[in-house]
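The chain contents come next:
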Protein chains: 2
Amino acid sequence: MKAIVRIDLKQGVLDPQGQAVANALRGLGFDEVASARQGKLIELELTGETNVDSARARVEEMCRKLLANPVIERYHIDIVAVAPAE
Amino acid sequence: MKAIVRIDLKQGVLDPQGQAVANALRGLGFDEVASARQGKLIELELTGETNVDSARARVEEMCRKLLANPVIERYHIDIVAVAPAE
């Protein structure tokens, strides 16, 4: 079973890395970029776990304990039952 | 219009950051974690762009020119017509 965790900064939290990306894109001529925000993407391969709900609960615990900083970040978990073939 | 770009390492490319995440999770007792891979998540706010296909083409150009390293990374673009309210 696979879990895809998207972690990004909460609205209102300053994101200098995203601002740098937006500035660099505008510098390259992409004037339509109003703003950019950068986050993290973590893909976990889980073994021995067959229930989607309990897998999600475990991954939420991982987010709270290690992966995300709940003060400034929010996270979104997608559980994928079968790994996509790519 | 909003574009969500997910960038991760191609299969087979060594990911020391992901390995560190997997080791840290197992150290915390999450023994079901077989492996972890870490990528980037970039959210772009685009102005003056109304056509989804042309927006996607522009964001692909951004990925090739700045956001991703096509030698070791792959990217996936989602275009969201209206910003989600959150």
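Here, the structure is the one placed above.
The text that follows walks through the structure, step by step, so that each part is easy to find. (Residues numbered from 1 in each chain as written. Chains lettered and ligands numbered in written order. Predicted model: local features only at pLDDT ≥ 70, side-chain atom pairs only at ≥ 80, totals over all residues. Heavy atoms only, no water.)

Glancing now at the sheet that holds strand S2 (residues 33-46) of chain A. Taken together, 6 strands build an open sheet; the order of strands is S3(A)-S1(A)-S2(A)-S2(B)-S1(B)-S3(B) and the sheet is antiparallel. Among the strands making up the open sheet, the edge pair consists of strand S3 (73-80) of chain A together with strand S3 (73-80) of chain B. On average, adjacent strands in this sheet sit at an angle of 20 degrees to one another, irrespective of strand direction. Two elements, strand S1 (residues 2-9) of chain A and S3 of chain A, share 8 bridges in a ladder whose sense is antiparallel. Of the residues in S3 of chain A, the one forming a bridge with Ile7 of chain A is Tyr75 of chain A. Of the strands in this sheet, S2 of chain A together with strand S2 (33-46) of chain B touch helix H1 (residues 16-27) of chain B, which is tilted by about 125 degrees from S2 of chain B. Packed on one face of the sheet, helix H2 (residues 52-67) of chain B meets S2 of chain A together with strand S1 (2-9), S2 and S3 of chain B and runs near 150 degrees to S3 of chain B. (Pairing = 2+ DSSP bridges. Helix = DSSP H or I, 4+ residues; strand = E, 2+ residues; numbered from the N terminus. Axes fitted to C-alpha atoms, helices over the stretch in contact; angles between N-to-C directions. Contact = heavy atoms within 4.5 Å.)

One turn of an α-helix holds 3.6 residues; hence residues three or four places apart share an orientation. Look at helix H1 (residues 16-27) of chain A: 16 Å from first C-alpha to last across 12 residues, which is about the 16 Å you get at 1.5 Å a residue. Inspection of H1 of chain A places Gly18, Val21, Ala22 and Leu25 of chain A among the buried residues, and these make up the whole buried set. Summarising the axial view, the buried residues of H1 of chain A lie within an arc of 95 degrees, below the 170-degree limit, and thus occupy one face. Facing away from the buried side of H1 of chain A, by more than 90 degrees, are the exposed residues Pro16 and Gly27 of chain A. Buried residues belonging to H1 of chain A abut S2 of chain A together with S2 and H2 of chain B. Phi turns positive, to about 100 degrees, at Gly29 of chain A, one or two residues after H1 of chain A. (Expected span 1.5 Å × (residues − 1). Buried < 20%, exposed > 50% of the residue type's maximum accessible area, 1.4 Å probe, protein only. Arc of directions from axis to C-beta.)

Here the focus is the relation of the copies chain B and chain A. Superposing chain B onto chain A requires a rotation of 180 degrees together with a translation of 0.0 Å along the rotation axis, leaving an RMSD of 0.0 Å. What we have between these two chains is a two-fold relation. Residues of chain B ranked by C-alpha distance from the rotation axis are headed by Lys40 of chain B, positioned 2.4 Å from it. Comparing interface residues between copies, 100% of those in chain B also lie at the interface in chain A; the contact surface is shared. (Least-squares fit on C-alpha atoms with pLDDT ≥ 70 in both.)

A word on helix H2 (residues 52-67) of chain A. In this model, H2 of chain A (16 residues) spans only 19 Å end to end at C-alpha, well below the 22 Å of a helix rising 1.5 Å per residue. Where H2 of chain A is buried, its residues touch S1, S2 and S3 of chain A together with H1 and S2 of chain B. One side-chain oxygen at the N-terminal end of H2 of chain A lies 2.8 Å from the backbone nitrogen of Asp53 of chain A; it belongs to Asn51 of chain A. (Polar contact = N/O pair within 3.5 Å; in protein donor to acceptor, adjacent residues only side chain to side chain.)

Running from N to C, H1 of chain A and H2 of chain B point in directions that differ by 105 degrees, and their axes come no closer than 11 Å. For the element pair H1 of chain A / H2 of chain B, the angle class is roughly perpendicular. Where H1 of chain A approaches H2 of chain B, its residues Val21, Ala24 and Leu25 of chain A are matched on the opposing element by Met62, Leu66 and Leu67 of chain B. For the contact of H1 of chain A with H2 of chain B, a count of residues per class yields 6 nonpolar, no polar and no charged. (Parallel < 35°, antiparallel > 145°, perpendicular 65-115°, else oblique. Nonpolar A, V, L, I, M, F, W, Y, C, P; charged D, E, K, R; others polar.)

To continue, consider the pattern of salt bridges. All names here are of chain B. Scanning the model with the defined rule gives 12 salt bridges over all chains in all. With a closest N to O distance of 3.1 Å, Glu43 and Lys2 form a salt bridge. In this pair, Glu43 is assigned in strand S2 and Lys2 in strand S1, connecting sequence segments 41 residues apart. The residue Asp8 makes a salt bridge to Arg74 at a minimum N-O spacing of 2.9 Å. One end of the pair, Asp8, is in strand S1; the other, Arg74, is in strand S3, with 66 residues separating them in the sequence. (Salt bridge = Lys/Arg side-chain N within 4 Å of Asp/Glu carboxyl O.)

Among the structural elements, Glu45 of chain A can be located in strand S2. It is 6.2 Å that separates the C-alpha atoms of Glu45 of chain A and Met1 of chain A, two residues lying 44 residues apart in sequence. Ignoring any residue separated from it by four or fewer positions in sequence, one finds Glu45 of chain A in contact with Met1 and Lys2 of chain A together with Glu32, Val33, Ala34 and Ser35 of chain B.

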